[in-house]
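Chain by chain, the residues:
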Amino acid sequence: GAGVSQSPSNKVTEKGKDVELRCDPISGHTALYWYRQSLGQGLEFLIYFQGNSAPDKSGLPSDRFSAERTGGSVSTLTIQRTQQEDSAVYLCASSRDSPPSNEQFFGPGTRLTVL
Amino acid sequence: AQTVTQSQPEMSVQEAETVTLSCTYDTSESNYYLFWYKQPPSRQMILVIRQEAYKQQNATENRFSVNFQKAAKSFSLKISDSQLGDTAMYFCVLRNRDDKIIFGKGTRLHILP
């Protein structure tokens, strides 16, 4: 089937506005991850959903960041009162179950620019 | 603390040559998993190869192989007969059984014609 999709592919917003980024994982994948990739940097883990378990939010950088996953499928990452340092590519990944050996399948990312 | 270090920010090699990308890591776990992911200019992250720490045999996927030295906590990636399509950012990734995932900062690899 289709891979992981993310929308929008690009988002430009003004400082102080709220933004919502969407991720559609591969059907049947129970694990979903959000990462942030700043220019020229590696990936910074943000949040992890596994089935019906409470999400691991340990990577969220501030309380302006939140995420939800409805019905165990689509996930939305929300950034409130955006700041210029939030500018980055936000990547979503999904995998079957949670065994650590499982491959993560990544979406193409959303490039967020905060002016 | 768990860390992944890629000491080569950028590398360039001629097409058809062999190149080795370095990765060292630190973890207190005895069983864990290591991955190399590739991110070409298209931004799509793709799994290159994976290694389970309890397996002594080095993983191999066609032109890609790893040199896994568990005692030294080293996990290098060797690309043989490099191709133009191998041009990408390469990330070394550590994943423990508690699902903590740590990415290295990446090595930007240029394959020159």
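So, here is what we can say about the structure in this document. (Residues numbered from 1 in each chain as written. Chains lettered and ligands numbered in written order. Predicted model: local features only at pLDDT ≥ 70, side-chain atom pairs only at ≥ 80, totals over all residues. Heavy atoms only, no water.)

**Comments concerning the overall build of chain B**
Threshold: Secondary structure elements are taken from DSSP: a helix is a run of H or I of four residues or more, a strand is a run of E of two residues or more, and numbering for both begins at the N terminus. Buried, partly exposed and exposed residues are distinguished by accessible area as a fraction of the type maximum, computed with a 1.4 Å probe on protein chains only: under 20%, between the cut-offs, and over 50%, respectively. Any two residues having at least one pair of non-hydrogen atoms within 4.5 Å are treated as being in contact. We score Asp and Glu as negative and Lys and Arg as positive, and we do not count His or the chain ends. Lys charges are placed at NZ, Arg charges at CZ, Asp charges at CG and Glu charges at CD.
Looking only at helices and strands, chain B has zero helices and 12 strands in total. Scanning chain B from its N terminus toward the C terminus, one meets helices and strands in the order β-β-β-β-β-β-β-β-β-β-β-β. If you line up chain B on its principal axes, its C-alpha atoms span 40 × 25 × 20 Å. For chain B, buried positions account for 51% of its 113 residues. When contacts within chain B are restricted to residue pairs at least 6 apart in sequence, those whose partners lie at least 24 apart make up 54%. In chain B, 13 positive and 11 negative side-chain charges are present, and the distance between their average locations comes to 5 Å.

**Some words on the packing of aromatic side chains**
Two descriptors summarise a pair of aromatic rings, namely the distance from one centre to the other and the angle between the planes of the rings. The criterion, for reference: Note on aromatic contacts: the rings of Phe and Tyr and the six-membered ring of Trp form a pair at centre separations within 6.5 Å, being stacked when their planes are under 30 degrees apart, edge-to-face when over 60 apart, and tilted otherwise.
Summed over the entire model, instances satisfying the criterion amount to 13 aromatic pairs over all chains. Between Tyr35(A) and Phe106(A) the ring centres are 5.8 Å apart and the planes differ by 35°, which places this aromatic pair in the tilted class. Residue Tyr35(A) is found in strand β4 (residues 31-37), and its partner Phe106(A) is found in strand β9 (residues 105-106); the two are separated by 71 residues along the sequence. As far as the burial class goes, Tyr35(A) and Phe106(A) line up, both buried. Ring geometry for Phe68(B) and Phe75(B): centres 6.2 Å apart, planes at 85°, overall edge-to-face. Judged by its relative accessible area of 0%, Phe75(B) falls in the buried class.

**Quick look at the pairing of strand β6 (residues 65-69) of chain A**
Residue and element names in this part refer to chain A. Convention followed: The rule for pairing is simple: two strands pair if DSSP sees at least two bridges between them.
Burial along β6 is one-sided: the face carrying Phe65, Ala67 and Arg69 is buried and the face carrying Ser66 and Glu68 is not. Here β6 runs beside strand β7 (residues 75-79); their pairing, made up of five bridges, is antiparallel. Each bridged residue has a counterpart across the sheet, and for Arg69 the counterpart in β7 is Ser75. Hairpin geometry of β6 and β7 is characterised by an intervening segment of five residues between the two adjacent antiparallel strands and by a positive phi of about 60° at Gly71.

**A closer look at the side chain of Lys38(B)**
Residue and element names in this part refer to chain B. As a reminder of what qualifies: In protein, a polar contact means a hydrogen-donor-capable atom and an acceptor-capable atom, both N or O and within 3.5 Å, with residues adjacent in sequence counting only if both atoms are side-chain atoms; elsewhere, any N or O pair within 3.5 Å suffices.
Considering the arrangement of structural elements, one finds Lys38 in strand β5 (residues 32-39). Of note is the side chain of Lys38, whose polar atom sits 2.9 Å from the backbone oxygen of Gly85. Other than its neighbours up to four places away in sequence, Lys38 contacts Gln44, Met45, Ile46, Val48, Gly85, Asp86, Ala88, Met89 and Tyr90.

**Describing the environment of Val114(A)**
Residues and elements named next belong to chain A. Looking at where Val114 falls in the secondary structure, it is placed in strand β10 (residues 110-114). Looking at Val114, the relative accessible area reads 5%, which means it is buried. With 69 residues separating them along the chain, Val114 and Phe45 place their C-alpha atoms 20 Å apart. For Val114, the residues in contact, after removing those within four places along its chain, are Thr13, Glu14, Lys15, Thr82, Gln83, Gln84, Asp86 and Ser87.

**Side note on the state of the cysteines**
Residue and element names in this part refer to chain B. The condition that has to hold: Counting rule for disulfides: a pair of cysteine sulfur atoms within 2.5 Å.
Going through the model one piece at a time under the given rule, you end up with two disulfides over all chains. The disulfide bridge from Cys23 ends at Cys92, spanning 2.0 Å between sulfur atoms. Here the S-S torsion is close to -70°, and the disulfide linking Cys23 with Cys92 is therefore left-handed. Separated by 69 residues along the polypeptide, Cys23 in the loop between β3 (19-21) and β4 (24-26) and Cys92 in strand β10 (residues 88-96) bring together distant segments of the chain. Overall, Cys23 belongs to the buried group, its relative accessible area being 1%. Residue Cys92 is classed as buried on the basis of its relative accessible area, which comes to 0%.

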